[in-house]
Each structure stands twice: as structure tokens, then as C-alpha cells.
Amino acid sequence: MADGYIESRMADHIASGSARRTAAPMGIRKGVAAALNALSLVSVTTFAQGRVVDVQSPSMRVFVPSKPSGMALVACPGGGYSKVAADHEGYDWAPFFNSLGVTYAVLDYTLPDGDRSRPLTDVADAFRVLADNAEEWHVDISRTGIMGFSAGGHLAAAMANGAVPDCRPAFQILFYPVVSLMPEITHPGTAAQFLGDADSPELRARYSSELQASPSTPPALLLLSADDKVVDPLNSINYFLAMRRHGVDASLHIYPSGGHGWGYRRDQMASHNAVMVELAAWIRKRQEKL
């Protein structure tokens with residue numbers, strides 16, 4: 001069930017004019033000035049492997065590959081909802097996903113500071129930007145997934161389980177995610193930043209994705225380290241089991257070491273190469289199925 005508060009806040013957001021809307025996809029080649037204005041773009045950079053498009057509202061950077069497959073991915077870096085670790089949990093992954101033909105968008109989402117509608121609305125807006133520009137960026141919105149790290153994983157999992165009406169990703173990739181807001185296993189700082197003064201048992205359950213999983217939950221890949229001392233691995237394990245109970249195609253990879261927050265950092269994650277191989281194989285499998 002959708003959160004009425006989120007629906008109300010999104011309606012205010014759209015009515016105020018802060019939500020970026022266009023009536024139809026606009027190709028940059030058909031009028032650079034007009035397109036830049038309509039998309040609230042900061043810049044467009046073209047290079048041999050593709051293009052990089054900076055979008056102002058919501059704040060995100062889109063990496064368009066030279067040989068797109070139609071699949072796209074919105075990345076939500078972590079940071080405990082107190083910062084956004086956009087490099088090793090965001091931009092550093094662009095060459096990898098572009099090499100697989102995936103249009104890759106890194107979202108610098110608004111921190112909630114107690115207002116959960118802020119990051120959720122930004123994700124919904126990111127999906128709208130991709131949909132509005134599907135033709136220009138060669139994106140099939142029905143093949144667009146979401147990826148999240150740590151607190152960004154909480155955001156991604158919430159979106160995958162209907163936190164915002166009419167915006168459900170086609171698949172989810174979660175790295176050492178804070179899935180649950182239940183007191184016994186959540187990351188306290190993440191829960192506090194997300195819920196603020198509205199904290200209640202009902203909202204904690206509503207935004208604990210292991211309790212919201214259903215047959216409609218999209219396919220998932222979860223990757224984490226067994227020695228994570230920051231986010232309890234039970235967040236991922238319980239979510240995996242919940243999805244399996246509902247017949248959702250879910251895969252869980254737990255590596256022996258690495259701790260928390262490794263992202264693309266090779267020096268922190270001894271199993272970095274294994275992560276890349278397994279992630280690439282999972283993406284290719286999804287490309288075949290979607």
C-alpha cells in the first residue's frame with residue numbers, strides 16, 4: 001500500500017513546478033538550446049565511448065553508452081542518508097555498465113533530513129527523465145532497474161516495493177543494503193535520517209522491504225560481506241528469504257571479507273574481480289529475459 005504522505009508530498013512537488021516535466025521526448029540534436037532548457041541540463045559531453053549528460057533537476061549524471069542495449073539503471077549511492085558517496089558507489093561504475101550497453105544514471109538524491117518524500121521523489125523524477133528522453137538516450141523504461149548501496153540500498157529496495165505509486169523498477173541490485181528499519185537489525189542513523197520525528201512502528205514496517213516483499217517485487221541481486229560490522233547482513237538475508245517465499249527471482253552473494261562500503265574500491269574488496277564477473281553475468285541474464 002502506498003504511503004499517503006508520499007503521495008501528498010509528490011503532488012505538492014509537482015504543483016509547485018519543481019518537478020521537471022516534458023510532454024514528449026526531446027532530442028538534443030533537434031535543438032540544443034531548447035532541449036537544454038527543457039531538461040534543466042547543465043552540460044552534455046560526447047566522447048568515443050558515448051555521452052555524459054548532467055541533469056539539474058533531479059541532480060543526476062547520465063552515462064549513455066555508444067552501443068546501448070536499451071537497458072538502463074538508476075544508481076543511488078550510500079552515505080547513511082547524511083551524505084551521498086557519489087564516486088566509488090556511483091560514477092566509478094559507469095565504464096563497467098556502459099561496456100554492457102547499459103545507460104547508467106547516478107542520482108545525487110536529496111537527503112531526507114526527516115522528510116522521507118525527498119529522496120523518494122527524486123528517484124521517481126529520475127525515472128521520468130529517463131522515460132521522457134527514452135528515444136534520445138536509447139532507453140527502454142520497461143527494462144530500467146535501480147541499484148543502491150547501504151542507505152541507497154534502502155532507498156532502492158523501497159522503490160522496488162511500491163514506495164512511490166506507478167514507479168517500480170524492472171530489477172534491483174543492492175550492495176550491503178540497509179533493507180530493514182526494524183530496531184533489532186537496522187542501521188540506527190539511516191532510520192533516524194529517513195523517518196525523523198514521524199518515527200513510528202507502522203512507518204518502520206512500511207519501509208522495511210523484507211516485510212513488503214510480494215510477488216510483484218522485481219528480480220534482485222544482493223552483494224555484501226560476511227564481516228560487515230556497519231549494516232547487519234541479516235538485512236540482506238531476511239530480504240532474500242522473503243523474496244524467495246514470494247517466488248521472486250533473487251540471488252544472494254555473501255563474500256567472506258570486505259567489511260562495509262567497498263563499492264568499486266579494489267583495495268578494500270579482495271573479491272572485487274569476482275563481484276564484477278558475477279554482476280556482469282547477472283546483467284546479461286536480465287538482458288536476455290527482459
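Quantities reported herein were computed from a predicted structural model and do not represent experimental measurements.

Draft legend 1. Layout of the overall build of the protein. Across its full length, the protein carries 11 helices and nine strands. Considering only intrachain contacts with a sequence separation of at least 6, the fraction spanning at least 24 residues in the protein is 73%.

Draft legend 2. View of the nonpolar core. With 50 residues, the main nonpolar core has Leu120, Trp137 and Tyr239 as its most contacted residues. The contact partners of Tyr239, leaving out residues within four places of it in the chain, are Ala157, Ala160, Asn161, Gln172, Leu174, Val179, Ser209, Glu210, Ala213, Thr217, Leu222 and Leu234. By size, the runner-up hydrophobic cluster in this structure holds 33 residues, among which are Phe63, Leu73, Leu223 and Ile283.

Draft legend 3. Seen up close, helix H11 (residues 272-289). Helix length check: H11, at 18 residues, gives a terminal C-alpha distance of 26 Å against a target of 26 Å (1.5 Å per residue), a fit within 8%. Among the residues of H11, those classed as buried are His272, Val275, Met276, Leu279, Ala280, Trp282, Ile283, Arg286 and Gln287. Buried residues along H11 cover an arc of 165° about the axis, so they all sit on one side. Of the residues in H11, the exposed ones pointing more than 90 degrees away from the buried face are Asn273, Val277, Glu288 and Lys289. On its buried face, H11 sits against helix H3 (94-99), strand S7 (172-175), strand S8 (220-225) and strand S9 (250-255).

Draft legend 4. Looking closely at the pattern of salt bridges. Tallying each qualifying case throughout the model produces seven salt bridges. Between Asp54 and Arg61 there is a salt bridge, with its nearest N and O atoms 2.6 Å apart. The closest approach of N and O atoms between Asp125 and Arg128, which form a salt bridge, is 2.6 Å. Here Asp125 and its partner Arg128 are both found in helix H4 (residues 117-132), three residues apart, which amounts to about one turn of the helix. Taken together, the salt bridges that share partners define one network made up of Asp249, Arg286 and Lys289.

Draft legend 5. Inspection of the environment of Arg116 at higher detail. Looking at the secondary structure, you find Arg116 in the loop between strand S5 (103-107) and H4. For Arg116 and Gln193, which are 77 residues apart along the polypeptide, the C-alpha to C-alpha distance reads 8.3 Å.

Draft legend 6. Summary view of H4. For H4, which comprises 16 residues, the first-to-last C-alpha distance of 22 Å matches the rise-based estimate of 22 Å (1.5 Å per residue) to within 8%. The element H4 is extensively covered by neighbouring structure, given that 13 of its 16 residues are classed as buried.

Draft legend 7. How the structure looks around the confidence of the model for the protein. With 84% of its residues at a pLDDT of 70 or more, the protein shows a mean pLDDT of 89. Note on residues 14-38: pLDDT is under 50 here. Beyond four places in sequence and across chains, it has 39 contacts.

Draft legend 8. Fine view of the packing of aromatic side chains. Counting across every chain of the model gives 18 aromatic pairs. Through pairs of rings, three or more aromatic residues link up here, namely Phe63, Tyr91, Trp93, Phe96, Phe97, Tyr104, Phe149, Phe175, Tyr176, Trp262 and Tyr264. The side chain of Arg206 reaches across the aromatic face of Tyr207, ending 5.2 Å from its centre. It is Arg286 that lies over the ring of Trp282; its NZ or CZ is 5.2 Å from the centre.

Draft legend 9. Expanded view of unusual backbone geometry. A cis amide bond links Ser57 with the next residue in sequence, Pro58, at an omega value of 0°. Position of Pro58 among the secondary structure elements: in the loop between strand S2 (50-55) and strand S3 (60-65). Here the phi dihedral of Asp166 falls at roughly 65°; this positive angle occurs in a residue that is not glycine. Looking at the element boundaries, Asp166 is found in the loop between helix H6 (151-160) and S7. Located in the positive-phi region is Tyr176, a residue other than glycine, with phi close to 35°.

Draft legend 10. Just the environment of Phe175, in detail. Structurally, Phe175 is set in strand S7. Residue classification places Phe175 among the buried positions, given a relative accessible area of 0%. Beyond its immediate sequence surroundings of up to four residues, Phe175 is in contact with Trp93, Met147, Gly148, Phe149, Ser150, Leu223, Trp262, Val275 and Leu279.

Draft legend 11. Main features of the side chain of Thr121. The topology assignment puts Thr121 in helix H4. Here Thr121 falls in the buried class, since its relative accessible area comes to 5%. A polar atom in the side chain of Thr121 sits 2.7 Å from the backbone oxygen of Ser117.

Draft legend 12. Fine view of the pairing of strand S4 (residues 72-76). Across the five residues of S4, five count as buried, placing the element largely inside the fold. Burial along S4 is two-sided: Ala72, Val74 and Cys76 and Leu73 and Ala75, pointing in opposite directions, are all buried. Sheet topology places S4 next to S5; four bridges connect them, and they run parallel. Its bridge partner lying in S5, Leu73 is registered against Tyr104. On the question of chirality, the crossover connecting S4 to the parallel S5 by way of H3 is right-handed.

About the cut-offs
- Residues numbered from 1 in each chain as written.
- Predicted model: local features only at pLDDT ≥ 70, side-chain atom pairs only at ≥ 80, totals over all residues.
- Heavy atoms only, no water.
- Helix = DSSP H or I, 4+ residues; strand = E, 2+ residues; numbered from the N terminus.
- Contact = heavy atoms within 4.5 Å.
- Core = buried A, V, L, I, M, F, W, Y, C linked by side-chain atoms within 4.5 Å.
- Buried < 20%, exposed > 50% of the residue type's maximum accessible area, 1.4 Å probe, protein only.
- Expected span 1.5 Å × (residues − 1).
- Arc of directions from axis to C-beta.
- Salt bridge = Lys/Arg side-chain N within 4 Å of Asp/Glu carboxyl O.
- pLDDT = per-residue confidence, 0-100.
- Phe/Tyr/Trp six-rings, centres within 6.5 Å; stacked < 30°, edge-to-face > 60°.
- Lys NZ or Arg CZ within 6 Å of the ring centre and 35° of its normal.
- Polar contact = N/O pair within 3.5 Å; in protein donor to acceptor, adjacent residues only side chain to side chain.
- Pairing = 2+ DSSP bridges.
- Right-handed = clockwise from strand over helix to strand, strands pointing away.

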